[in-house]
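Each chain, written out:
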Amino acid sequence: MPSSYSALVLREWGASPEVREALGPGGRDPDSPVIDVRQQAAQLSKLASVLPPGWGLKLGALFDSAAHGPLGVGVQSAATLSDALDLIASYGHVRTPFIRFAICRNSSKVMLRFIDTGILDEACIIPIHEATLVGIQSTLRNFIGPSSRFISIETCFPAPDYADRYREFLTGELHFSRRETSLSFDPGMLTKRSPLADPELFQLAKGQLQRLAHAIDTEGALVAQVRQRLSAAEEMPTLPEMASALRISSRTLVRRLGEVGASYRSLVDDARRARAEMLLKEGALTAEEIGYRLGYSDSANFGRSCRRWFGCSGGEYRRRLLSGRSAD
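Now for a description of the structure that goes with this document. (Residues numbered from 1 in each chain as written. Predicted model: local features only at pLDDT ≥ 70, side-chain atom pairs only at ≥ 80, totals over all residues. Heavy atoms only, no water.)

1. A look at the overall build of the protein
Cut-off, in case you're wondering: Secondary structure follows DSSP: runs of H or I at least 4 residues long count as helices, runs of E at least 2 residues long count as strands, and numbering of each begins at the N terminus. We compute the radius of gyration over the C-alpha atoms and compare it with the globule rule, which gives 2.2 Å times the number of residues raised to the power 0.38. Note on classification: 1.4 Å probe, protein chains only; a residue is buried when its accessible area is under 20% of the maximum for its type, exposed when over 50%, partly exposed between these limits. In this tally, Asp and Glu contribute negative charge and Lys and Arg positive charge; neither His nor the terminal groups of the chain are included. For charged residues, the charge sits on one atom: NZ in Lys, CZ in Arg, CG in Asp, CD in Glu.
For the protein, the count of helices and strands is 17 helices and five strands. Against the compact-globule benchmark of 20 Å for 328 residues, the protein has a radius of gyration of 21 Å, which places it among compact chains. Overall, the protein is about 60 × 50 × 35 Å in size when its C-alpha atoms are taken along their principal axes. The buried share among the 328 residues of the protein stands at 51%. Within the protein, the 37 negative side-chain charges are centred at a point lying 4 Å from the centre of the 40 positive side-chain charges.

So, in structure tokens, the structure goes:
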């Protein structure tokens, strides 16, 4: 699972040595330190065997927008519920690779369908669907508010023994033992606008998601893992730091990236550009502070990078973003 999700598991249940074992090397293929989707599924299977019933609901409630990376930013900054749902349908698998999402629309409802990829074993399907349902509803709170009259939830599994706890975490009508898991909304809600709508920030987040999805779909597990870690990092890790986090040597990291036509330097540059765009748009930091945050010891070097990325200085690009114009 993404490192931000693992951190939440550790924070909530990490006092148990069994949980630490499930999240640590015991949940990995020792010959492949970079966790691919199937290894993540094995990790989750171990967690499901040691965590208490209903842990998926609790985990979903621990998620905030920051835990979802650029997907959370994109949903929060979407103009309408329709835009937010389309983003989840297109890129939700970046954060939840065991599920693909699809939108179905008719005159009576709009349904966000969960399509299982067949990777999870039966013991994991229920908690992962529960965590995803709670996480999505929480992220969409700006659009749906506290009302449940226009929302329906269906699950592909029977009501668990703790089904009465669902009301603590989920809003809407509940229907168990249906053909598939889904969240449905009244079509009239689709045009509801968010008070946090930010078109420029939405496009920036969408661009990051497109790159992450491309890495997952075409570049392989290692590049996807590196991109996700860079996207989530407070400060850009050095190559040795990234290699250590992935439990491989620096030489192996360089070699494996090279095998798929990538380099750590280019991936860091992509992440820095994406982060710079977001920070420049937010406007809370000066260009010099942003450069330092991104790992530049000299503001002149950050200025040169901005001109290479955007065709102008960081300050000028910020003015263009804030005025609603895009750089050439």
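Additional details are given in the paragraphs that follow.
2. Side note on the environment of G261
Looking at the secondary structure, you find G261 in the loop between α13 (250-259) and α14 (264-282). Separated by 88 residues in the primary sequence, G261 and E173 have C-alpha atoms spaced 49 Å apart.

3. Things to note about unusual backbone geometry
Both trends apply: most residues other than glycine have a negative phi, and most peptide bonds are in trans. We note that S177 has phi near 60°; this positive angle belongs to a residue other than glycine. Looking at where S177 falls in the secondary structure, it is placed in the loop between β4 (173-175) and β5 (182-185). If you check the backbone angles, R247 has positive phi at about 65° while not being a glycine. Positionally, R247 belongs in the loop between α12 (239-245) and α13.

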